[in-house]
Amino acid sequence: MASRKGSKGTGGTPGPGSKRESKHGGNKNGKKEGLSGSSFFTWFMVIALLGVWTSVAVVWFELVDYEEVLAKAKDFRYNLSEVLQGKLGIYDADGDGDFDVEDAKVLLGLKERSVPEQPASPVSEETIQPAEESFIKSEHKNLDVELEEEIQPVLHDALHSQPDADFVADDPGATEPETYEAPGNAELTLEDAVEHYTEDREHGVYDEHEPKQEKETETQDTAVEDLPEEVHEATEPVRDEIVEDLKIEKKLPVESKHTEEDNVATGPEESEVPVQTEDYSNDNLVGKGETEIEQDKMEKVKKKKKPKLLNKFDKSIKAELDAAEKLRKKGKVEEALRAFEALVNQYPESPRARYGKAQSEDDLAEKMRSNEMLQKAINTYDEVVSLPNVPSDLIKLSLKREADRQQFLGRMRSSLITLQKLVHLFPSDTSFKNDLGVGYLLMGDNSNAKQVYEEVLRLAPDDGFAKVHYGFILKAENKIAESIPYLKEGLESGDPGTDDGRFYFHLGDALQRIGDKEAYKWYELGYQRGHFASVWQRSLYNVKGLKAQPWWTARETGYTDLVKSLEKNWKLIRDEGLDVMDKKRSLFLPEDENLREKGDWSQFTLWQQGRKNENACKGVPKTCALLERFPEATGCRRGQIKYSVMLPGTHVWPHTGPTNCRLRMHLGLVIPKEGCRIRCAQENRTWEEGKVLIFDDSFEHEVWQDAESYRLIFIVDVWHPELTAQQRRTLPAI
C-alpha cells in the first residue's frame, strides 16, 4: 500500500486538460501530453510487482501471525454468540434458561406462558431493594423496546423452521446423542456370538502395554480392547463353535470422548441415515386440521429435544460450568478436572458440577489408562444421583454411564444393581429395561433376561431391540421355530442395537435348521451390512486382510513340518487315542453346543486356548510330546487340539467357527470306507487314514456320518499363517 501512495505522490495531480487529452490519446497535432500509454503500463507493472513482492515478504518473513488472527476471529464469533444469547435470554418465556422455539411461540401468542414455581431465594443470592426494583423494571422495558425490531425476524425464523429442528440443550457441551449399542456393534465389546452372552470373560481393564490388533468382521473397524493387566485363566473350557456358548473374554469399548449429556432415550433413532430423494415426512398430516398438525409437529419437536441437565441453581452458575466444560471438550482433562473440583468444593450441591467432575475423571482414566481413576469416576457418577434437585435426565445419564464403566471393569453384578436402580426410578422407560436385560445376559442369567424382555414387549410390542434379544434367548433354549419371527421382526425394525451380526447369524442358522432356504437371504444381507466377510465366511471375531479360502494345502499354510509329522506318526496317535477310548471312555465328552441334528459325537481335548491339559496328556503322552515341537498349534490361543469320535447316524448342522485367525487340520485315524464326508463352503471331501485335511472353519461347514461304524479323527488348530508374531501374542483367547 505504501508503494502505491508513493507513486501517486511523485506523479502529481494532473489538470483537467491533461485528463481530457489522456483520454483521447493526445492533442490535435498528434503530440502526446501527460502519461503516455507505454508509461501508464510501466507504472501499472511497477505497482503490481511491488504488491506481489510485498505479499511474498509478509508470508516469507512471517510479518503476520495468521494463527493469532484466526484465534481472534474464533473468539469474536464465540463472544458474539454469547452477546446474542444474552440478549435473547430476556425473552426466555418458559424458564429453561435459554431462548428457543417454545419461547417464540409464547411471545407471539401461540402458546400460553408457563410460570415455573419460584423457589425461595438462596441466602447467598442478592436481594433487590424496592427503590432499585423500579429502576430495573424501567431499564428492562427500554431494552425491550430497543431489541423488539431485532428479535422479530428471529421469532419468525424460529416458528417457520422445520418442526424437527434441534433445540439448544441446557448443557453447553452437549453434542449429538449417542445411541445405546447392543453388545457386538461396531466395536468388539462382548463375549460370544451365540446362545449366551457370556460365561467366562476377562475384565476389560486398562493395560497401557497391549497393542490393539483384532478387528471384528469386515466393517467392525475398532480394534480389540487392550488385554487385562492381570490375566485370570478360565476354569472352564471354551467351546469351539460359534453356534453355541462361545466363551470369549469380554472387551468393552473405551470411548475417547464422552458425550453422554445427550444419551437419553427420548425416542427411537435411526442407526444410519439413508440418502433421501424425496421428503415424505409430512405425508401423515394430509387431511388433518391445523390443531392436529400443530400437535403432531410439537410431538416431533419433543422427540428431538435434547436433555435438560441444569437445575435452577446450576443455571445461575452456568457461565462457570461452561468454562470448565469448555476445557474438557478441548481435551485439557487435568485443567477441566481441577475446574470442576473447585466448583464442587464451592457448590457442593451442584449436580452438573459433580457430573462434570465424573466425566473429567472418566476422561483422565482413559488418558492415564488407570483403573483406580476409573473407579473414582464411577463413585462420582453415583454421588450425582444422591444430590438434591437433580434433573431426571442427569440421573439417567449418570447411572447409565456408571453401569457402562462397571461393565468395562468386569463388575457385572455391580452394573446389574445400577441398571436395576435405573429401571426402578424410571419404570416407564423401556430402554432401561432393555439395558437391564443385557445386564442379565452378561451375567449368564438368561431366565431373568427373558422375563425382562417379555415385560418390554408387553409395554412396547414393536420394540425391535427387545425382539432380537428375546429371539436370541429362545434360540438358546432350542426353540428354533419360535425364535424366528422375533429375530426377523427385530431386524426388520431397524431399531438401534438391532443391526448386529449375531442376530443375522442366528436368524439364518434357525432358518437353516428348519430347512428354509431364506437363510442365505439373511446371510447375504448380513454380508452387505458388513457383518460377515462373505456369505459363506460368517465368523464374527476376525482380523482384517487375512487370506480367506475354504480349503488349504500344507504348502499354502507353511506348516509342512507339522503336517509331515502328523502323517508320519498317525498310527501312534491313533493307538493312544483308541487306548483312552477303551480304558477311560469317560474322558471323551459329548459335544454340547447344540451343533448336532442327531447322532453321537464326543471329543477328548489335549490343548485349549493355548493351555495344555496335563491330566489329559497323561493318557496320550507320546502324542503330546510330539506336538510340543509345534508352537503354531500348541500356542494357538484361538483353537484346540483334540480327538473326535463320531458314531453312525450323526449329522452336524451347518455352522461356522468363531474366528478367521486359525486353520483346522483333520488327521484321519479310523475312517470307514463309505458314508463319512465333510462339506466346507460348497465343496465336499472325505477323510483318509493317515492323511491330513486342512480347511478354514470360519467358513460354513457340515458333517455327515452315515457309515456302519465309528469315525475317529485327530483335530489340530493352528494360527492363520499370515498373523504376525505380535498378533499371536496379543490376540484375546477364544
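What you see is a predicted model, and the numbers here were worked out from it, not measured in a lab.

Attention shifts here to the overall build of the protein chain. A tally of helices and strands in the protein chain yields 27 helices and 13 strands. Going through the 734 residues of the protein chain one by one, you find that 47% of them count as buried. Within the protein chain, contacts between residues separated by at least 24 positions form 72% of all contacts whose residues are at least 6 apart in sequence. When the accessible surface of the protein chain is totalled, it reaches about 37,300 Å², and 52% of it is carbon and sulfur.

Counting residues in each nonpolar core, the largest one holds 42 residues, and the members touching the most others are Leu 562, Leu 566, Leu 606, Tyr 643, Met 665, Phe 714 and Val 716. Core analysis: the second largest hydrophobic core is formed by 36 residues, Leu 397, Leu 399, Phe 426 and Val 452 among them.

Turning our eyes to something else, we now look at the pairing of strand S4 (residues 601–608). Counted residue by residue, S4 has seven buried out of eight residues, so it is predominantly covered. In this sheet, S4 lies alongside strand S2 (residues 589–590) in antiparallel orientation, the contact comprising two bridges. From the neighbouring strand, Pro 590 faces S4, where its bridge partner is Ser 602. Pairing of S4 with strand S6 (residues 640–646) involves seven bridges; the strand directions are antiparallel. Bridge assignment links Trp 607 to a residue of S6, and that residue is Ile 641. Judged from the two bridges that link them, S4 and strand S5 (residues 611–612) form a sheet pairing that is antiparallel. What sits directly across from Trp 607, in S5, is Lys 612. What sits between S4 and S5 in their antiparallel hairpin is a turn of two residues, with Gln 609 showing a positive phi close to 55°.

Once that is clear, we can look at a nonpolar patch on the surface. Residues Phe 40, Phe 41, Phe 44, Met 45, Leu 49 and Trp 53 make up a contiguous nonpolar surface patch of roughly 710 Å² in combined accessible area. Of note, Phe 40 is situated in helix H3 (residues 37–60).

For the rest of this paragraph, the subject is the confidence of the model for the protein chain. Looking at the protein chain as a whole, the pLDDT averages 75, with 61% of positions reaching at least 70. Every residue in residues 76–91 is under pLDDT 50, and counting partners more than four places away or in other chains gives 19 contacts.

This structure, assessed with the given rule, holds one disulfide. Here Cys 636 stays free of any disulfide, with the sulfur of Cys 661 as its closest cysteine sulfur at 8.6 Å.

What follows is about the packing of helix H19 (residues 501–513) against helix H20 (residues 519–528). The contact between H19 and H20 brings their axes to 8 Å, and the two run at 165°. Classified by the interaxial angle, the pair formed by H19 and H20 is roughly antiparallel. Between H19 and H20 lies a crossing of left-handed hand. In contact with Tyr 504, Phe 505, Leu 507, Gly 508, Asp 509, Leu 511 and Gln 512 of H19, H20 contributes Ala 519, Tyr 520, Trp 522, Tyr 523, Leu 525 and Gly 526. Taken together, the residues of the contact of H19 with H20 sort by class into nine nonpolar, three polar and one charged.

Moving on, we get to the pairing of strand S7 (residues 650–655). Regular strands have side chains that alternate between both faces of the sheet. Counting buried positions over the six residues of S7 gives six, a clear majority of the element. Strand direction decides the pairing type here: strand S3 (residues 596–598) and S7, joined by two bridges, are antiparallel. Following the sheet pairing, Lys 598 is matched in S7 by His 651.

What follows deals with the environment of Gly 649. For Gly 649, the location among the structural elements is in the loop between S6 and S7. As for Gly 649 and Gly 599, which are separated by 50 residues in sequence, their C-alpha atoms are 5.3 Å apart. Setting aside anything within four residues of it in sequence, one finds Gly 649 in contact with Lys 598, Gly 599 and Gln 705.

Bringing the side chain of Glu 702 into the picture now. Here Glu 702 shows up in strand S12 (residues 701–705). With sequence-adjacent residues up to four places away left out, Glu 702 is seen in contact with His 651, Val 652, Trp 653, Pro 654, Arg 677, Ile 678 and Arg 679.

The final tally for this structure, using the stated rule, is 37 salt bridges. The shortest N-O distance in the salt bridge between Arg 328 and Glu 325 comes to 3.0 Å. Taken together, the residues span about one helical turn, with Arg 328 and Glu 325 both in helix H9 (residues 318–329) at a distance of three residues. With relative accessibility at 3%, the residue Arg 328 sits in the buried group. Between Asp 404 and Arg 405 there is a salt bridge; the shortest N-O distance is 2.8 Å. By sharing partners, the salt bridges in this structure join Glu 325, Arg 328, Lys 329, Arg 352 and Asp 363 into a single network.

The subject of this paragraph is the side chain of Ser 539. Mapped onto the secondary structure, Ser 539 falls in the loop between H20 and strand S1 (551–552). On the basis of relative accessible area, Ser 539 is assigned to the buried category, the value being 1%. In this structure the side chain of Ser 539 is engaged in a polar contact, spanning 2.6 Å, whose partner is the side chain of Asn 542.

A separate point is the packing of helix H18 (residues 480–493) against H19. At their nearest, the axes of H18 and H19 sit 9 Å apart, and the two run at 140° to each other. Judged by the inter-axis angle, H18 sits oblique to H19. Once H18 is placed against H19, the crossing between them reads as left-handed. Packed against H18, whose contacting residues are Ile 480, Ser 483, Ile 484, Leu 487, Lys 488 and Leu 491, the element H19 presents Phe 503, Tyr 504, His 506, Leu 507, Ala 510, Leu 511 and Arg 513 at the interface. Residues belonging to the contact of H18 with H19 are distributed by class as follows: nine nonpolar, two polar and two charged.

Let us look at helix H15 (residues 430–442). Between the first and last C-alpha of H15 there are 19 Å, a value that for 13 residues agrees with the 18 Å anticipated at 1.5 Å per step. In terms of burial, H15 is largely enclosed, as twelve of its 13 residues are buried. Buried positions along H15 lie against helix H13 (392–408), helix H14 (412–425), helix H16 (446–459) and helix H17 (464–476). Phi turns positive one or two residues past the end of H15, at Gly 444, with a value near 75°.

An order of S3-S7-S12-S9-S10 is seen for the five strands of this open sheet, with the pairing classed as antiparallel. What marks the edges here is a single partner per strand, and that holds for S3 and strand S10 (683–685). Going across the sheet, the axis of each strand differs from the next one's by a mean of 20°, ignoring polarity. Bridge count between strand S9 (residues 676–680) and S12: five bridges; the pairing is antiparallel. Its bridge partner lying in S12, Cys 676 is registered against Gln 705.

What counts, and at which threshold
Residues numbered from 1 in each chain as written. Predicted model: local features only at pLDDT ≥ 70, side-chain atom pairs only at ≥ 80, totals over all residues. Heavy atoms only, no water. Helix = DSSP H or I, 4+ residues; strand = E, 2+ residues; numbered from the N terminus. Buried < 20%, exposed > 50% of the residue type's maximum accessible area, 1.4 Å probe, protein only. Contact = heavy atoms within 4.5 Å. Areas by Shrake-Rupley, 256 points an atom, 1.4 Å probe, with all protein chains shown as cover. Core = buried A, V, L, I, M, F, W, Y, C linked by side-chain atoms within 4.5 Å. Pairing = 2+ DSSP bridges. Patch = residues over 30% accessible without salt bridge, like charges linked within 9 Å, V, L, I, M, F, W, Y side chains within 5 Å. Salt bridge = Lys/Arg side-chain N within 4 Å of Asp/Glu carboxyl O. pLDDT = per-residue confidence, 0-100. Disulfide = S-S within 2.5 Å. Axes fitted to C-alpha atoms, helices over the stretch in contact; angles between N-to-C directions. Parallel < 35°, antiparallel > 145°, perpendicular 65-115°, else oblique. Left-handed = near helix turned anticlockwise from the far one by under 90°. Nonpolar A, V, L, I, M, F, W, Y, C, P; charged D, E, K, R; others polar. Polar contact = N/O pair within 3.5 Å; in protein donor to acceptor, adjacent residues only side chain to side chain. Expected span 1.5 Å × (residues − 1).

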